[in-house]
Amino acid sequence: MIRLRNLTKTYDGRRILRGIDLQVEAGEFLFLTGASGAGKSTLLKLLYAAERPTAGGVWVAGQRVDQLSRHKLALLRRKVGVVFQDFKLLRHKTVLENVTFVLRFQGLGARDAHRRAYQVLKRLGLHHRQSALPEVLSGGEQQRVAIARALAYQPRLILADEPTGNLDADLAGELLSLLCDINYQGATIMVATHDHSLLEAMPARTLILNQGLIEYDGSWPP
Amino acid sequence: MRHIFEEGLALLRRRGVVSVILAMSLTVPMALAGFTTSMGLWSRPLVALESHATVVRVLLHPRMDVSQRQAWIAEQARTHQDWRLSEIDRETLEERLQVWFPYLEDLLEGEHAIELPTLVEVEAEDPEEVTALAEGPTVIAVGPTSSIDRVLGLMARTMTWLLGGISVILLVSAFLLAATWIHLEVYRNADEITIMRLVGATESAIRGPFVVAALIPGIFAGVAASVGAWYLVRMVAVAVEAVGLSPPVFPLWLVAAEIGVGVILPIVAALVTMGRHARAGETD
């Protein structure tokens, strides 16, 4: 599902990622951890092509994402659900609309899109807030809307950047359980986190990034 | 497609007042462009006057006898095949002159009667060519080469070009206005556009709502501009009719043209602006 070859990313002469090689098979659950500034978010951004690599290549679902045309990249991104660290919700849209609009431009009719969005929101305990605008939601609620949006179109790959950062322990546990269910249904999941309680709660392949290099690749604890 | 239309309407609702201002701002230059086009069309028949042949009068030396005059006329007709030359007979010339100079009758009769020169009328497309005849020894004088028709035609042609130029400038300003509005809207919504790209929206899904949001004020502007231009033309028509001239009209096809421009201008402006924005946000 994911292949990285000699992946290097430099910002203003500072090397964030230093020639990373990685292979993630379809259906895997993977944690990406490391100290702040280790390159976790940058690695995820390179996977959904919000950034371009300085050197090396990124393959997702068999396609080299850093060389795709804009249209093909849009189509690939529809197979990838991303939970952004800063949520990236549309501020003019309600909770329901934020989840619905990604389904609409994927071709779902208004009624089907609303039904599916409502189901996902209900699963995340947000259905009672469906008409609220993001600005009136708490950080945790906004994070769950972002998660709902990423899950709504049942992507083959889910990339989550600190998805439990604003959630309490109970909600974080529920989210992890939800991600496990989705993974069980065949989706590949990559979660960037520095929350070690998550790693302990879920036995999965874990990558530890340190100064732009993969320091450890195996089960938790190292 | 329906989704894009709904998103466009949502964008319009969100920016209702600004959209109304855009429609009104487009209406003014488009109405003026429609007005200037109508006036240009109205003045077009006058332009044709400029190319009408002008009659230039040439006086030949009185000492020339009939055969010399005929030889001269034949020579000119051969040299300038587009000219039409006709000699005015003495009686006609006398009649014409006596209208202006009644005392001429006495001068033309009696023992010391003056000898009138021969008048030849030359009808030419380019009257300036006729003036060259004055250099010959047989020609006493060549009459004025300008005519009111030519002056009117020249004025009308100048006016047509001027009004056409103003129309183009007004339409370009309308285009720039729409492009600037869309540019501001795109940058106002830059974060949302970035998010849409990140979650897999294609360029058409992103651009579509902006095109719709610009198109609807454009259509309203087209209709309003047609009404405005018609009213301005009507006002001129009333004034022109009062002095007994044929009034200008606002042709029906110009209504379609105004609405067409109202549709095309914002679409082109939206596509150009969004294209620039898409290139700028390459990695988003």
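These figures come from a predicted structure and were not determined experimentally. (Residues numbered from 1 in each chain as written. Chains lettered and ligands numbered in written order. Predicted model: local features only at pLDDT ≥ 70, side-chain atom pairs only at ≥ 80, totals over all residues. Heavy atoms only, no water.)

*Asks:* Looking at this model, I keep getting lost on the overall build of chain A. Mind explaining?
*Replies:* Broken down by element type, chain A carries 7 helices and 10 strands. Per-residue burial over chain A gives 54% buried out of 222 residues. Nonlocal contacts in chain A, meaning residues at least 24 apart in sequence, comprise 66% of its contacts between residues at least 6 apart. For chain A, the computed accessible surface area is about 9,700 Å², with 46% contributed by carbon and sulfur atoms. (Helix = DSSP H or I, 4+ residues; strand = E, 2+ residues; numbered from the N terminus. Buried < 20%, exposed > 50% of the residue type's maximum accessible area, 1.4 Å probe, protein only. Contact = heavy atoms within 4.5 Å. Areas by Shrake-Rupley, 256 points an atom, 1.4 Å probe, with all protein chains shown as cover.)

*Asks:* Please explain the overall build of chain B as it appears in this structure.
*Replies:* Check the secondary structure of chain B and you find 10 helices and 4 strands. In sequence order, chain B lays out its α and β elements as α-α-β-α-β-α-α-β-α-β-α-α-α-α. Out of the 284 residues belonging to chain B, those deemed buried represent 41%. Sequence separation of at least 24 residues holds for 82% of the intrachain contacts in chain B that already meet a minimum separation of 6. Just so you have it, chain B exposes about 15,600 Å², and 66% of that area is on carbon and sulfur atoms.

*Asks:* Hey, could you run me through the sheet that holds strand E7 (residues 157–161) of chain A in this one?
*Replies:* Think of a sheet as strands paired side by side through backbone hydrogen bonds, with each pair either parallel or antiparallel. Residue and element names in this part refer to chain A. Overall, mixed pairing links the 6 strands, which are arranged E6-E7-E8-E3-E9-E10 in an open sheet. Either end of the sheet is taken by a strand with one partner, and the two such strands are strand E6 (80–83) and strand E10 (213–219). For this sheet, the mean angle separating the axes of adjacent strands, direction not counted, is 15°. With 5 bridges connecting them, strand E3 (residues 29–34) and strand E9 (residues 205–210) associate as parallel partners. In the strand pairing of E9, Leu-30 is matched with Arg-205. Relative to E3, helix H6 (residues 169–184) is tilted by about 135°, and along the sheet it contacts E3, E7 and strand E8 (188–192). (Pairing = 2+ DSSP bridges. Axes fitted to C-alpha atoms, helices over the stretch in contact; angles between N-to-C directions.)

*Asks:* How should the pattern of salt bridges be read in this particular structure?
*Replies:* Taken as a whole and judged by the stated rule, the model has 20 salt bridges over all chains. Among the ionic pairs, A:Arg205 bridges to A:Glu28, the shortest N-O distance being 3.1 Å. One end of the pair, A:Arg205, is in strand E9; the other, A:Glu28, is in the loop between strand E2 (14–24) and E3, with 177 residues separating them in the sequence. A salt bridge links B:Glu203 to B:Arg207; the shortest N-O distance between them is 3.6 Å. (Salt bridge = Lys/Arg side-chain N within 4 Å of Asp/Glu carboxyl O.)

*Asks:* Even after reading the chapter, I still don't get the sheet that holds strand E2 (residues 84–88) of chain B, so can you show me in this structure?
*Replies:* All names here are of chain B. Read from one edge to the other, the open sheet built from 4 strands follows the order E2-E3-E1-E4, with strand pairing classed as antiparallel. Every interior strand has two partners, whereas the edge strands, E2 and strand E4 (139–142), have only one. Averaged over all adjacent pairs, the angle separating strand axes in this sheet is 25°, with direction ignored. The sheet contacts of helix H3 (residues 66–79) involve strand E1 (54–60), E2, strand E3 (118–124) and E4, and relative to E2 the element is tilted by about 165°. With respect to the sheet, helix H4 (residues 90–100) is in contact with E1, E2 and E3, its orientation differing from that of E2 by roughly 80°.

*Asks:* Mind showing me how you'd approach the side chain of B:Glu192 here?
*Replies:* Within the secondary structure, B:Glu192 sits in helix H8 (residues 190–198). No salt bridge forms around the buried B:Glu192; measuring N to O, its nearest opposite-charge neighbour A:Arg91 is 4.2 Å away. If we ignore the near neighbours within four places in the chain, the residues touching B:Glu192 are A:Leu90, A:Arg91, A:His92 and B:Arg14. (Lys, Arg positive; Asp, Glu negative; His and termini not counted.)

*Asks:* Looking at this structure, I do not really get the interface of chain A and chain B. What am I missing?
*Replies:* When the parts of a complex come together, some accessible area is lost, and that lost area is often taken as the interface size. At the junction of the two partners, chain A supplies 24 residues and chain B supplies 24 residues. Counting the surface lost from both chain A and chain B, the interface buries some 2,200 Å², and carbon and sulfur atoms represent 56% of this. On the surface where chain A and chain B come into contact, there are 3 salt bridges. With a closest N to O distance of 2.8 Å, B:Glu7 and A:Lys93 form a salt bridge. Among the secondary structure elements, those contributing two or more residues to the side of chain A that touches chain B are helix H2 (70–77) and helix H3 (95–104) of chain A. The class makeup of the residues in the side of chain A that touches chain B is 12 nonpolar, 2 polar and 10 charged. (Buried area = accessible area lost by both parts, 1.4 Å probe. Nonpolar A, V, L, I, M, F, W, Y, C, P; charged D, E, K, R; others polar.)

*Asks:* What exactly am I supposed to notice about the confidence of the model for chain B here?
*Replies:* As a general rule, the predicted coordinates of low-pLDDT regions are not to be interpreted in detail. Per-chain confidence: chain B averages 83 in pLDDT, with 96% of residues scoring 70 or above. Reported confidences for the modelled complex are a pTM of 0.67 and an ipTM of 0.85. (pLDDT = per-residue confidence, 0-100.)

*Asks:* Honestly, helix H5 (residues 139–152) of chain A in this entry has me stumped. Any pointers?
*Replies:* The periodicity of an α-helix, 3.6 residues per turn, causes residues three or four positions apart to be oriented the same way. Residue and element names in this part refer to chain A. Along its 14 residues, H5 runs 20 Å from first to last C-alpha, staying within 8% of the 20 Å computed at 1.5 Å per residue. Of all 14 residues making up H5, 13 are buried, and the element is well covered by its neighbours. Directly beyond the C-terminal end of H5, a positive phi value near 45° is found at Gln-154. (Expected span 1.5 Å × (residues − 1).)

*Asks:* Explain a negative patch on the surface here, please?
*Replies:* All names here are of chain B. On the surface, a cluster of negative charge is contributed by Asp-82, Glu-125, Asp-126, Glu-128 and Glu-129. Looking at the secondary structure, you find Asp-82 in the loop between H3 and E2. Overall, the relative accessible area of 45% leaves Asp-82 in the partly exposed class. (Patch = residues over 30% accessible without salt bridge, like charges linked within 9 Å, V, L, I, M, F, W, Y side chains within 5 Å. Charge placed at Lys NZ, Arg CZ, Asp CG, Glu CD.)

*Asks:* What is the right way to look at unusual backbone geometry in this model?
*Replies:* One can expect most non-glycine residues to show negative phi and most peptide bonds to be in trans. Residue and element names in this part refer to chain A. With an omega of 0°, the peptide bond between Trp-220 and Pro-221 qualifies as cis. By the secondary structure assignment, Pro-221 is in the segment after E10. The phi dihedral of Gln-154 falls on the positive side, at around 45°, and the residue is not glycine. Take Gln-154: it is sitting in the loop between H5 and E7. When its relative accessible area of 61% is taken as the criterion, Gln-154 is described as exposed. The backbone of Glu-162 sits at a positive phi, close to 50°, despite the residue not being glycine.

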